[in-house]
Amino acid sequence: CAVKRRAGKIPVGIQVLFQANRAALAVAVAAKCDFVRAEGWTYAHVSDKGFADASAGRVVRYRKVIGGSRIPIFADIRKKHAAHALTGDLTIGEIAAGMELHLADAIVVTGSATGVSPNIDSLKEVREATGLPLIVGSGITAENVGLFYDHADGFIVGSSLKENNVWHGPVSDERTQ
């Protein structure tokens with residue numbers, strides 16, 4: 001609530017790891033957040049934290065029950081830090097189409113790990129497969145944003161604003177400027 005108050009008109013979202021998408025929705029409703037980032041939306045995968053089952057149905061129903069229908073869900077596709085052998089017979093475009101069917105409000109495309117940019121061809125394939133907003137969710141820097149700019153509707157910027165580009169490091173005032 002304090003972050004939302006301090007942010008003023010700047011949109012504030014929340015993600016609760018690992019795959020605690022319903023908990024994130026509950027926090028978003030209570031704090032009047034503007035969006036939720038969800039993992040494990042459509043199709044299961046194996047992550048570095050364990051098995052991630054698809055959660056779209058449970059989360060969409062829960063969102064309605066708790067009065068959170070106004071809160072859009074930005075769902076990761078082929079989540080970073082995960083293996084996707086379970087869906088190896090599907091293209092990223094087919095998965096994106098499934099995410100739209102399962103009521104994601106936007107698709108987050110990441111690279112293989114925190115701070116790693118996504119494959120530009122994957123981004124283009126997701127764009128062609130769905131009309132949902134497309135967000136680049138990792139690896140964006142001041143130097144490469146132009147490469148992705150025409151293919152995405154938004155960007156999540158984190159590691160490149162930290163000292164030494166380390167995701168868990170302190171925010172760099174110089175890089176943020």
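Residues numbered from 1 in each chain as written. Predicted model: local features only at pLDDT ≥ 70, side-chain atom pairs only at ≥ 80, totals over all residues. Heavy atoms only, no water.

### Let's talk about the pairing of strand β2 (residues 35-38)
Across 2 bridges, strand β1 (residues 13-14) lies against β2 in parallel orientation. Note that in β2 the partner of Ile14 across the bridge is Val36. Remark: the β1/helix α2 (residues 21-31)/β2 crossover connection has right-handed handedness. Pairing of β2 with strand β5 (residues 73-77) involves 3 bridges; the strand directions are parallel. (Pairing = 2+ DSSP bridges. Helix = DSSP H or I, 4+ residues; strand = E, 2+ residues; numbered from the N terminus. Right-handed = clockwise from strand over helix to strand, strands pointing away.)

### Here we look at the sheet that holds strand β8 (residues 134-136)
Strand order in the open sheet made by the 6 strands is β1-β2-β5-β7-β8-β9, with parallel pairing throughout. What marks the edges here is a single partner per strand, and that holds for β1 and β9 (154-155). Bridge analysis of β5 against strand β7 (residues 106-109) gives 4 bridges, and the strand direction is parallel. What sits directly across from Phe74, in β7, is Ala106. Across the sheet, helix α4 (residues 92-101) touches β5 and β7, and the angle it forms with β5 is around 155°. Set on the sheet, helix α5 (residues 120-129) makes contact with β5, β7 and β8; between it and β8 the angle comes to about 165°. (Contact = heavy atoms within 4.5 Å. Axes fitted to C-alpha atoms, helices over the stretch in contact; angles between N-to-C directions.)

### Regarding the sheet that holds strand β3 (residues 45-47)
In spatial order, the strands read β4-β3-β6; together these 3 strands make up an open sheet with antiparallel pairing. The sheet is open, and its two borders are formed by β4 (50-52) and β6 (82-83), each paired with just one other strand. Here 2 bridges tie β3 to β6, and the two strands are oriented antiparallel to one another. For Ser47, the partnering residue across the bridge sits in β6 and is Ala82.

### Description of the packing of aromatic side chains
Per the stated rule, a full pass over the model turns up 2 aromatic pairs. Both rings, one in Phe35 and one in Phe74, keep their centres 4.5 Å apart while their planes meet at 10°; by these two values the pair is stacked. Pair noted here: Phe35 is in strand β2 and Phe74 is in strand β5, with a separation of 39 residues, a long-range link. Look at Phe35 and you get partly exposed, because its relative accessible area is 21%. (Phe/Tyr/Trp six-rings, centres within 6.5 Å; stacked < 30°, edge-to-face > 60°. Buried < 20%, exposed > 50% of the residue type's maximum accessible area, 1.4 Å probe, protein only.)

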